[in-house]
Amino acid sequence: MIRVFIADDQLLVRQGIRTLLEMDGEIEVVGEAGDGVETLSRMPAAAPDVLLLDVRMPHAGGIDVLRRLSLQRALPPTLILTTFDDGDAVLDAIRAGARGFMLKDVSYEQLISAIRAVAGGATVFQPAVTERLLRASDRVRVVTDKPAEPLTEREVEVVRVMAGGYSNKEIARALGTAEGTVKNHVSSILAKFGVRDRTRAVLRALELGLL
């Protein structure tokens, strides 16, 4: 069972997500909260495998929740719930430790797939959402130095597929190569970007305009 905690200030949204998740026999909703303070107080005891977190909530926004839980070393794999006008907040949330983001009007299949991916250690970034978020405001695109050693064409392909939340095995299948080769590409990407995990690698790719 994948244990999920839902944090959103809109009651109907929480109820809708709970109803959808309860349709899946392998997912259990272990708690919910309507604001940031409630999330901070209720979520740790619920011990979820995945936190579904709204970025804009009263009494402590989603980014504050992420930062506080990270400091407490109590942050579970977190999937951000967002709308198209949350571009700045999405990038801040990813920097604070979120594993990815999805739209509130996501389909049932996409929601379940994203939760399973994040619970399994993957990152989930919807390419179409990413493109619109980056175009929505000039402030979304972060000014950053390019890596000292640029990615190869193959590494760019890998990081783009990686942004979809796919595992090394799935990336290998998609690109028609060996899983070990993909693993080497991922290690090279992390080293060139100077980051320690896949989430930050995807964020850096976003900042560089590679996605």
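Above this text sits the structure in question.
Note that this is a predicted model, so its numbers are computed, not measured. (Residues numbered from 1 in each chain as written. Predicted model: local features only at pLDDT ≥ 70, side-chain atom pairs only at ≥ 80, totals over all residues. Heavy atoms only, no water.)

Draft legend 1. Just the environment of Leu20, in detail. Assignment of secondary structure puts Leu20 in helix H1 (residues 11–21). For Leu20 and Leu111, which are 91 residues apart along the polypeptide, the C-alpha to C-alpha distance reads 8.7 Å. Residues within four places of Leu20 in sequence aside, it is in contact with Tyr108 and Leu111. (Helix = DSSP H or I, 4+ residues; strand = E, 2+ residues; numbered from the N terminus. Contact = heavy atoms within 4.5 Å.)

Draft legend 2. Geometry of the environment of Ala163. Tracing the backbone through its elements, the reader meets Ala163 in the loop between helix H7 (153–162) and helix H8 (168–175). Take Ala163: its relative accessible area is 4%, and that puts it in the buried class. Taking C-alpha positions, Ala163 is 5.2 Å from Phe125, a pair spaced 38 residues apart along the chain. (Buried < 20%, exposed > 50% of the residue type's maximum accessible area, 1.4 Å probe, protein only.)

Draft legend 3. Just the sheet that holds strand E4 (residues 78–82), in detail. In space, the six strands of this open sheet follow the order E2-E1-E3-E4-E5-E6, with parallel pairing throughout. Two strands lie at the open edges of the sheet, namely strand E2 (27–33) and strand E6 (124–125), each paired on one side alone. For strand E3 (residues 50–54) and E4, the ladder comprises four bridges, and the chain directions are parallel. Each bridged residue has a counterpart across the sheet, and for Leu51 the counterpart in E4 is Thr78. The sheet strands contacting helix H3 (residues 62–71) are E3 and E4, and the helix crosses E3 at an angle near 145°. With respect to the sheet, helix H5 (residues 108–119) is in contact with strand E1 (2–7), E2, E3, E4, strand E5 (100–103) and E6, its orientation differing from that of E3 by roughly 120°. (Pairing = 2+ DSSP bridges. Axes fitted to C-alpha atoms, helices over the stretch in contact; angles between N-to-C directions.)

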